[in-house]
Amino acid sequence: MNLERTIGWTLRLGVAIASVLIVVGLFASLFAAPVPSQNSASLSLLTWNGGVSLILYGLIALIATPFLSVTFCCIDFLIERNWLYVALTLAVLINLLLGLFVLPRLIS
Amino acid sequence: MTWLLLITGIAAGFLGSLTGLGGAILVLPALTLLFKIPFSYAAGAGLLAAIATSSSAAAIYVRERLSNIRIGMSLEAGTTLGALVGALLAALVYRSHLESWLFILFGLVLLTSVTQRTRHLAHWHSPQPDGSTELLQLRGTYYDAPERMHITYCGVRWGWGELVMCVAGMLSGLLGVGSGALQVVALDNVMGLPPKVSTATSNFMVGVTAAVSAAVYWQLGYIQPHIAGTVTLGVVIGALIGAYLFKRLGGNPLRVLFTVVIAILGIQMIVRGVHLL
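What you see is a predicted model, and the numbers here were worked out from it, not measured in a lab.

Cut-offs applied
- Residue indices begin from 1 for each chain and proceed along its sequence in written order.
- Chain letters start at A and ligand numbers start at 1, both assigned in the order the entries are written.
- Reporting in this predicted model follows two pLDDT cut-offs: at least 70 for local features of residues, and 80 or more for side-chain atom pairs to be given and counted; totals over whole chains, interfaces and linings ignore these cut-offs and use all residues.
- Secondary structure elements follow DSSP: runs of H or I of four or more residues count as helices, runs of E of two or more count as strands, with numbering from the N terminus.
- Restricting the calculation to C-alpha atoms gives the radius of gyration, and the globule rule supplies 2.2 Å times the number of residues raised to the power 0.38.
- To assign burial, the other C-beta atoms lying within 10 Å of each residue's own C-beta are counted, with C-beta atoms placed from the backbone; 20 or more indicates buried, 12 or fewer indicates exposed, and intermediate counts indicate partly exposed.
- By definition, residue pairs are in contact when their C-beta atoms, positioned from the backbone, come within 7 Å.
- To estimate how far a helix should reach, multiply one less than its number of residues by 1.5 Å.
- Note on residue categories: nonpolar means Ala, Val, Leu, Ile, Met, Phe, Trp, Tyr, Cys or Pro, charged means Asp, Glu, Lys or Arg, and polar means any other residue, Gly included.
- Confidence scores per residue from the predictor, reported as pLDDT, run from 0 to 100.
- Pairs of strands are assigned from DSSP output, requiring at least two bridges between the strands.

Here we look at the overall build of chain A
In terms of helices and strands, chain A carries 3 helices and 0 strands. In terms of overall size, chain A is more extended than a compact globule, its C-alpha atoms giving a radius of gyration of 17 Å where 108 residues would be expected to give roughly 13 Å. A principal-axis box enclosing the C-alpha atoms of chain A has dimensions of 50 × 35 × 20 Å. Within chain A, buried positions represent 42% of all 108 residues. Across chain A, contacts joining residues at least 24 apart in sequence account for 63% of those joining residues at least 6 apart.

Below is the structure:
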């Protein structure tokens, strides 16, 4: 695996997919004015809200993109058996999981 | 409203990348000062814009082997930990309605970023490797196109670098920025990397840092899809135009003018914060 190429493509594709989803979502919602009460916590990802759902998926793709590249790094370090760096990349991924699942529950 | 947001995003991305500060740093001042959007939604939009612009830039830097992936990864453990603390602090600040302090802090960060100068390669010397260089394999080589030579470098003082990175991550979570400017300080001044490698590596790191902050923001409901989506799109477009002109303008007086505009925005943020106190 050529790590530089893989990461380069991951980042490029991630941003491209996110941009397309956001553009289509904005057109599908006919550029409606933002509803202040609608946000990432109040909207469910599983119920279909037309354009707004597409925008949400686009934003998720954007947030996931850097983590996909960290995951590829982690795999690459595993192949190299560079355990110090496997641990460091795992720490980054654990921080993400903490941010997604543990921290928000601590304060709400 | 959507069109205005899109145009504001384009303008913010253009100004931010033309002045070399980062395409997303002006999102929050623009949204809070012009549109009176709540700080939390503005910060959420700023984070997503930071991910989008830094990832686009990093895609190119990584392929050109300007970003040092190893050095970046070794420091991201710190930036992401800082981001968690920062996002947690932000949530507590919003809850206590103390946003005025965030306005003031943001203004100060903006003003310090404006005064920060990037070093030139001519003034750079490879530092003597230390213990952390060997332990964490902080070495690399890149091809410098203007100098037409390969430049070999190494990173030193990793512990101090990581400490500054924790602070950078905290600012990212607290203020909804990528905090690339502070990351460059850590890579450049503390760890002794060549200027181009610092910039390229920080772009790779900003995406990951901002994404951890954004994950917390997402769960707490600080991301409004329309605002964040529209602004991010605008910033990506504006940053592309800005980056294109950045290479051509060089030390043009026009850039000085734009830098002054950003400094005024910074002062306005502080004034807004003091008003809200």
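From this point, the discussion proceeds with the structure in view.
Here's the deal with helix H4 (residues 69–95) of chain B
Since the α-helix turns once every 3.6 residues, residues separated by three or four places project in the same direction. Residue and element names in this part refer to chain B. Relative to the 39 Å expected for 27 residues at 1.5 Å per residue, H4 spans 37 Å between its end C-alpha atoms, a close match to the ideal helical length. Of all 27 residues that make up H4, 21 are buried, and the element is covered over most of its length. In the segment just after H4, His97 is the residue with positive phi, at about 55°.

Things to note about the interface of chain A and chain B
At the interface, 50 residues of chain A touch 47 residues of chain B. Going through the elements one at a time, helix H1 (3–28), helix H2 (51–80) and helix H3 (83–107) of chain A are the ones with two or more residues in the side of chain A that touches chain B. The leading source of residues in the side of chain A that touches chain B is H1 of chain A, at 15 residues. When the residues that make up the side of chain A that touches chain B are grouped by side-chain class, the tally is 34 nonpolar, 13 polar and 3 charged.

Overview of the confidence of the model for chain B
Low-confidence regions, as indicated by low pLDDT, have predicted coordinates that should not be scrutinised in detail. In this model, chain B carries a mean pLDDT of 92, and residues with pLDDT of at least 70 account for 98%. Two numbers describe this predicted complex: its pTM, 0.95, and its ipTM, 0.94.

Considerations on the pairing of strand E1 (residues 139–144) of chain B
Residue and element names in this part refer to chain B. Pairing of E1 with strand E2 (residues 149–154) involves 6 bridges; the strand directions are antiparallel. Paired with Thr141 across the bridge in E2 is Thr152. In this structure, the hairpin formed by E1 and E2 is closed by a connection of 4 residues, where Arg148 is found at a positive phi of approximately 55°.

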